[in-house]
Amino acid sequence: AAGLRQMRAALRRADCLVERSHIPLSGRNPALQEALGIRPHVLVLNKMDLADSRRQPVSAGAGPGRGQPRCRRQGDSPVPVPLQVVPMVASLVASGPRYHRAESSEHNILVIGVPNVGKSSLINSLRRLHLKKGKATAVGGEPGVTKAVLSRIQVCEKPLMYLVDTPGVLPPRLGDVETGMKLALCGAIRDHLVGEDVMADYLLYTLNKQQQFRYVQRYGLGQACDHIEPLLKHVALTQGRTQKVKVLTGTGNVNMMMLNYPAAACEFLRDFRAGRLGRVTLD
């Protein structure tokens, strides 16, 4: 709620919205468009190099915001995203009404999205490319690094363009459990809030459903697994994921080494996020 209030206040000076997303359907917050009203809107799909190219044409053309301009990452397009954003935004702003900002020559852009989708990274990348300047806003691998709507950051000279970084905003209620699991796998929700073992279980289900069996080869399994426990046990055994546990017996405390299933689940999730289990599209 606080994040949306801050965005509404910044919206008075905004000419366009740039939305960043890891996944084209579940990775978007429809409340953002409803709360921020009508503005030219550009969708930037991130992590395209980790997506299944066979599924992109289906997923990228569906869901809320059909027909709005999309920037696609290198690998899907020969032009890198930072080179697409500025001309696309400038064209949209020039072709639409600017109302009380009609006399201003500068472009003010609000960067929005759910947590941890690379909004700050996009701003830094644009600034580095067009102005040859260094990092202007903090980035991190976990959600919640940006906690407030920041001041304007110049990213281009011609046209004069400023971007405003905003905190990631999730819907107050997710539509269903599966949407929440997809967001968690993409890092929009902190792992420990969902549970690494639960996320690993859903990930295994998704990989099997899409017939993505690279995990079998990576972990040296004899065949695909239908249940998460044997997979985590094998990962923990082969990679030495153990923990010392104190057990109370009749003769006193005894230290025992046990398999660390949470650590094995974290390893499974890290391999997925790094693309080591194949190219997967969650939507």
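Let me sum up the structure you'll find in this document.

Here is what the cut-offs are and how they apply
Residues numbered from 1 in each chain as written. Predicted model: local features only at pLDDT ≥ 70, side-chain atom pairs only at ≥ 80, totals over all residues. Heavy atoms only, no water. Pairing = 2+ DSSP bridges. Helix = DSSP H or I, 4+ residues; strand = E, 2+ residues; numbered from the N terminus. Buried < 20%, exposed > 50% of the residue type's maximum accessible area, 1.4 Å probe, protein only. Salt bridge = Lys/Arg side-chain N within 4 Å of Asp/Glu carboxyl O. Phe/Tyr/Trp six-rings, centres within 6.5 Å; stacked < 30°, edge-to-face > 60°. Lys NZ or Arg CZ within 6 Å of the ring centre and 35° of its normal. Contact = heavy atoms within 4.5 Å. Axes fitted to C-alpha atoms, helices over the stretch in contact; angles between N-to-C directions. Parallel < 35°, antiparallel > 145°, perpendicular 65-115°, else oblique. Nonpolar A, V, L, I, M, F, W, Y, C, P; charged D, E, K, R; others polar. Polar contact = N/O pair within 3.5 Å; in protein donor to acceptor, adjacent residues only side chain to side chain.

With that out of the way, let us pick up the pairing of strand E7 (residues 242-249). Where E7 lies against strand E8 (residues 252-259), eight bridges are found, and the strand directions are antiparallel. In the strand pairing of E8, Thr-249 is matched with Gly-252. In textbook terms, the turn of a hairpin is the stretch between consecutive antiparallel strands, and for E7 and E8 this stretch comprises two residues.

What follows deals with the pairing of strand E6 (residues 161-164). Neither face of E6 is open: one carries Met-161 and Leu-163, the other Tyr-162 and Val-164, and all of them are buried. In terms of strand pairing, strand E5 (residues 153-156) meets E6 through three bridges, oriented antiparallel. Of the residues in E6, the one forming a bridge with Cys-156 is Met-161. Taken together, E5 and the strand that follows it, E6, pair antiparallel across an intervening segment of four residues.

Counted under the stated rule, the structure contains eight salt bridges. Among the salt bridges present, the one from Arg-28 reaches Glu-19, with a minimum N-O distance of 2.9 Å. Here the two residues Arg-28 and Glu-19 agree in accessibility, since each one is buried. Salt-bridge contacts for Lys-182 lead to Asp-283; the nearest nitrogen and oxygen are separated by 3.0 Å. Taken together, the residues span a long stretch of sequence, with Lys-182 in helix H6 (residues 177-185) and Asp-283 in the segment after helix H11 (261-273) at a distance of 101 residues. Taken individually, Lys-182 and Asp-283 each receive the classification buried, so the pair is uniform in this respect. Because the salt bridges share partners, they merge into one network encompassing Arg-218, Asp-271 and Arg-276.

Attention shifts here to the packing of aromatic side chains. Using the criterion set out here, one finds two aromatic pairs in the structure. Seen from their ring centres, Tyr-202 and Tyr-205 are 5.9 Å apart, and the 45° between their planes marks the pair as tilted. Of this pair, Tyr-202 and Tyr-205 both sit in helix H8 (residues 196-209), three residues apart, which is roughly one turn of the helix. On the basis of relative accessibility, which here comes to 11%, the residue Tyr-202 falls in the buried class. A cation over a ring is seen here: Arg-152 above Tyr-162, with NZ or CZ 4.0 Å from the ring centre.

A few words now on the environment of Tyr-219. By the secondary structure assignment, Tyr-219 is in the loop between helix H9 (214-218) and helix H10 (228-238). Measuring from C-alpha to C-alpha, the distance between Tyr-219 and Leu-231 comes to 8.5 Å, with twelve residues separating the pair along the chain. When neighbours within four sequence positions are excluded, Tyr-219 is seen to be in contact with Leu-231, His-234, Val-235, Gln-239, Glu-267, Phe-268, Asp-271 and Leu-277.

Let us look at the packing of helix H4 (residues 81-95) against helix H5 (residues 119-131). One way to put it is that H4 packs onto H5 with a least axis distance of 9 Å and a crossing angle of 85°. Taken as axis vectors, H4 and H5 run roughly perpendicular relative to one another. Residues Val-81, Pro-82, Leu-83, Val-85 and Val-86 of H4 form the contact with H5, whose participating residues are Leu-122, Ser-125, Leu-126, Leu-129 and His-130. A class-by-class count of the residues in the contact of H4 with H5 yields eight nonpolar, two polar and no charged.

Relative to the assigned elements, Asp-191 resides in helix H7 (residues 191-194). Considering only alpha carbons, one finds Asp-191 and Leu-269, 78 residues apart in sequence, at a separation of 9.5 Å. Among all residues touching Asp-191, those that are not within four sequence positions of it are Ala-184, Glu-196, Met-199, Leu-269 and Arg-273. For Asp-191, the side chain forms a polar contact with the side chain of Arg-273, separated by 2.8 Å.

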